[in-house]
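# Residue-level structural notes
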Amino acid sequence: MKRAVPDRHCSFLHMRTAAQEAGMADSVFTGLEQRVLNYILDQKMIAPGTTGIVAVSGGADSICLLHILSRLSETLNTGISVCHVMHGIRGEEAERDAEYVRQEAERLGITCRICERDVPALAKEEGLSLEEAGRKARYSCLEEYKEETGADWIALAHQREDQVETVLFHLLRGTGLRGLRGIRPIQGDRIRPLLEVSRGEIEIWLAEQGIGFCTDSTNLESDYSRNKLRNRILPELREINAGVDEHFLSLAKEAEELYDIQETKVEELRKDCICRSSGEPETVVLSNQLGELTDGENTVLGELILREMERLAGQRKDLTRKHISAVRELFGRETGKRLDLPYGMTAIRTYEGVELRKDREDRSLADDGAGAEASSDENEPMLFRKPVRISVVKRNYSPGEEIPDGVERVLLDAAAVQGELILRKPKQGDMLTIHMNGGKKPLARFFTDRKVPAEQRKDYPVVADDAGILWVVGLRLSEHCKVTEQTTEVYEIEVVRG
């Protein structure tokens with residue numbers, strides 16, 4: 001049984017006072033160690049009497065984190081152990097890193113767990129990129145070890161440049177205030193004590209202390225999205241403006257302040273304008289008052305709708321601005337109009353407002369299904385109102401041209417198409433490219449993730465060329481044939497009814 005944790009506020013206040021009285025700031029710790037200690041105390045990351053897991057890859061950041069937390073452990077009244085994850089990718093180099101981490105932990109008298117995972121196999125099985133599969137494997141190992149040891153927290157070595165990369169990555173992917181905040185210092189049971197320390201400061205400290213570290217050769221490559229940002233894009237931006245890092249960090253802090261304001265307004269709206277039913281199916285009614293909000297309050301309304309959909313669905317992934325807008329637009333429609341949303345959710349215009357419902361059986365088509373409208377007495381998804389045919393037109397493409405939503409009309413980069421376009425049923429072994437770096441997912445797995453009913457999968461319409469799937473009609477367009485800034489010609493494909 002996990003021990004009771006003391007009151008956090010009182011414990012941190014007592015610990016800070018004791019540290020100051022002991023004169024620890026100047027006599028015991030280096031400047032960097034003291035900064036990290038102050039940050040841990042200010043953010044209330046580690047309560048006295050708790051224990052934690054330190055994720056250590058062997059690189060400079062995690063080795064620095066391990067040594068600093070080891071030196072601070074007595075002052076913080078905490079205990080730590082180490083977890084290192086081998087991804088099954090780099091062969092002898094990975095074994096070298098694991099052995100180095102083991103030796104460092106042993107030298108510090110800290111228990112170390114080496115966790116091995118076959119990341120390439122995981123990526124293939126779940127249709128993930130190596131980057132995504134590696135992240136999933138790491139957190140799985142860390143959580144398992146935390147549960148096994150009864151630890152209270154997991155320390156991660158994200159630092160200042162990681163924060164900059166994250167804000168930029170979220171901007172490029174498309175985000176709101178939540179994503180602009182970047183990496184959080186505390187996220188559930190995960191803490192990041194080095195978040196305001198730069199990589200340069202870390203390397204200087206390691207050199208001054210005579211501590212070595214390993215270099216992951218894959219960090220020098222630009223095959224992964226993060227590495228492209230780190231190795232190519234950010235250096236270019238820094239040439240344009242040497243202060244670009246500070247600008248991104250300032251943006252993150254401003255987004256945090258605005259997000260807090262938004263949080264307050266969202267909670268006010270939730271209390272006044274939402275009714276819930278815990279029956280079957282579970283429903284949430286967004287009252288008509290929400291449809292009367294001014295344009296200036298659309299952002300708050302959008303966040304409220306997103307959170308209610310997330311709560312019903314149990315996850316936020318694949319819930320986009322398009323879904324939020326589609327639900328918001330229902331306030332202006334006649335009673336009985338409905339939308340099929342991801343994860344088996346339905347939005348229906350009622351006399352009271354807009355009802356969000358999580359059906360027992362998932363009838364939704366996919367994340368791109370928002371706006372697939374049906375009348376109040378017609379529940380069958382649009383794509384299964386047979387027959388389904390397509391029209392294909394090859395034409396020139398003008399940069400900046402509006403891209404269709406992908407429900408019943410798409411644009412494909414003609415240069416990416418190999419051979420003849422055909423409309424067909426799925427075949428065994430079909431794969432769908434879901435990442436810009438070429439990562440693929442089995443079509444069968446894609447259907448499972450999108451909760452397409454099993455009886456409909458064998459006849460589900462897909463558009464393919466000689467190389468494979470290009471468009472799972474109404475659900476997902478292959479990443480490798482999407483329109484880009486270099487596109488000059490497109491195939492315009494549209495579903496034809498009747």
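Residues numbered from 1 in each chain as written. Predicted model: local features only at pLDDT ≥ 70, side-chain atom pairs only at ≥ 80, totals over all residues. Heavy atoms only, no water.

### As for helix H14 (residues 321-329)
All of the buried residues in H14 are His-323, Ile-324, Ala-326 and Val-327. Along the axis of H14, the buried residues cluster in a sector spanning 165 degrees; they form a single face. Residues of H14 that are exposed and point over 90 degrees away from its buried face: Arg-321 and Glu-329. Buried-residue contacts for H14 involve strand S8 (282-287), helix H13 (298-313), strand S9 (338-341), strand S10 (345-349) and strand S11 (353-358). (Buried < 20%, exposed > 50% of the residue type's maximum accessible area, 1.4 Å probe, protein only. Helix = DSSP H or I, 4+ residues; strand = E, 2+ residues; numbered from the N terminus. Arc of directions from axis to C-beta. Contact = heavy atoms within 4.5 Å.)

### Regarding the confidence of the model for the protein chain
Chain-level pLDDT for the protein chain is 82 on average; 85% of the residues reach the 70-or-more range. Across residues 20-26 the pLDDT falls below 50, and counting only partners more than four positions away or on other chains, this stretch makes five contacts in the model. Note that residues 360-386 has pLDDT below 50 and, in this model, 86 contacts with residues that lie over four places away or in other chains. (pLDDT = per-residue confidence, 0-100.)

### What to know about helix H10 (residues 199-209)
For H10, the set of buried residues is Ile-202, Trp-205 and Leu-206. Summarising the axial view, the buried residues of H10 lie within an arc of 100 degrees, below the 170-degree limit, and thus occupy one face. With respect to the buried face of H10, the exposed residues turned more than 90 degrees away are Ala-207 and Glu-208. Packing partners of the buried residues in H10 comprise helix H3 (31-43) and helix H4 (60-76). With its phi angle positive at about 70 degrees, Gly-210 sits one or two positions after the end of H10.

### Things to note about the pattern of salt bridges
Side chains that differ in charge, positive against negative, can pair when their charged atoms come close. Counting across every chain of the model gives 32 salt bridges. Residues Arg-199 and Glu-203 are paired through a salt bridge, measuring 3.1 Å at the closest nitrogen-oxygen approach. Of this pair, Arg-199 and Glu-203 both sit in helix H10, four residues apart, roughly one helical turn. Of the residues examined, Glu-203 reaches a relative accessible area of 36% and is grouped as partly exposed. In the salt-bridge network here, residues are joined through shared partners; they are Glu-267, Arg-270, Glu-308 and Arg-311. (Salt bridge = Lys/Arg side-chain N within 4 Å of Asp/Glu carboxyl O.)

### Quick look at the nonpolar core
Ranked by internal contacts, the top residues of the largest apolar core, which has 39 residues, are Val-36, Ile-40, Ile-46, Cys-64, Leu-69, Leu-72 and Leu-206. When residues of this core are traced back to their parent elements, those giving at least two are H3, H4, strand S2 (79-86), helix H5 (92-107), strand S4 (153-155) and H10. Per-element accounting of this core gives the leading share, nine residues, to H4. Counting residues in each nonpolar core, the second largest holds 29 residues, with Leu-301, Leu-306, Ala-347 and Val-354 among its members. (Core = buried A, V, L, I, M, F, W, Y, C linked by side-chain atoms within 4.5 Å.)

### Examining the sheet that holds strand S6 (residues 190-191)
Strand order in the open sheet made by the six strands is S3-S2-S1-S4-S6-S5, with mixed pairing throughout. A single partner strand is all that each edge strand has here, and the edge strands are strand S3 (112-116) and strand S5 (186-187). Bridging between strand S1 (residues 51-55) and S4 involves three bridges; their strand directions are parallel. Paired with Val-54 across the bridge in S4 is Ala-155. Sheet contacts for H5: S2 and S3; angle to S2, the most-contacted strand, approximately 170 degrees. (Pairing = 2+ DSSP bridges. Axes fitted to C-alpha atoms, helices over the stretch in contact; angles between N-to-C directions.)

### Re the state of the cysteines
Throughout the structure, instances matching the rule amount to one disulfide. Linked covalently through their sulfurs, Cys-115 and Cys-141 form a disulfide whose S-S length is 2.3 Å. Because the sign of the S-S torsion sets the handedness, a value of about -60 degrees for the bond joining Cys-115 and Cys-141 places this disulfide among the left-handed ones. Of this pair, Cys-115 sits in strand S3 while Cys-141 sits in helix H7 (residues 130-149), placing them 26 residues apart in sequence. (Disulfide = S-S within 2.5 Å.)

### Topic: the sheet that holds strand S15 (residues 422-424)
The antiparallel open sheet is built from four strands, whose spatial order is S15-S18-S19-S20. Of all the strands in the sheet, the pair left with one neighbour each is S15 and strand S20 (476-477).

### Looking at the pairing of S3
Bridge count between S2 and S3: five bridges; the pairing is parallel. Note on S3: the bridge partner recorded for Cys-83 is Arg-113. Remark: the S2/H5/S3 crossover connection has right-handed handedness. (Right-handed = clockwise from strand over helix to strand, strands pointing away.)

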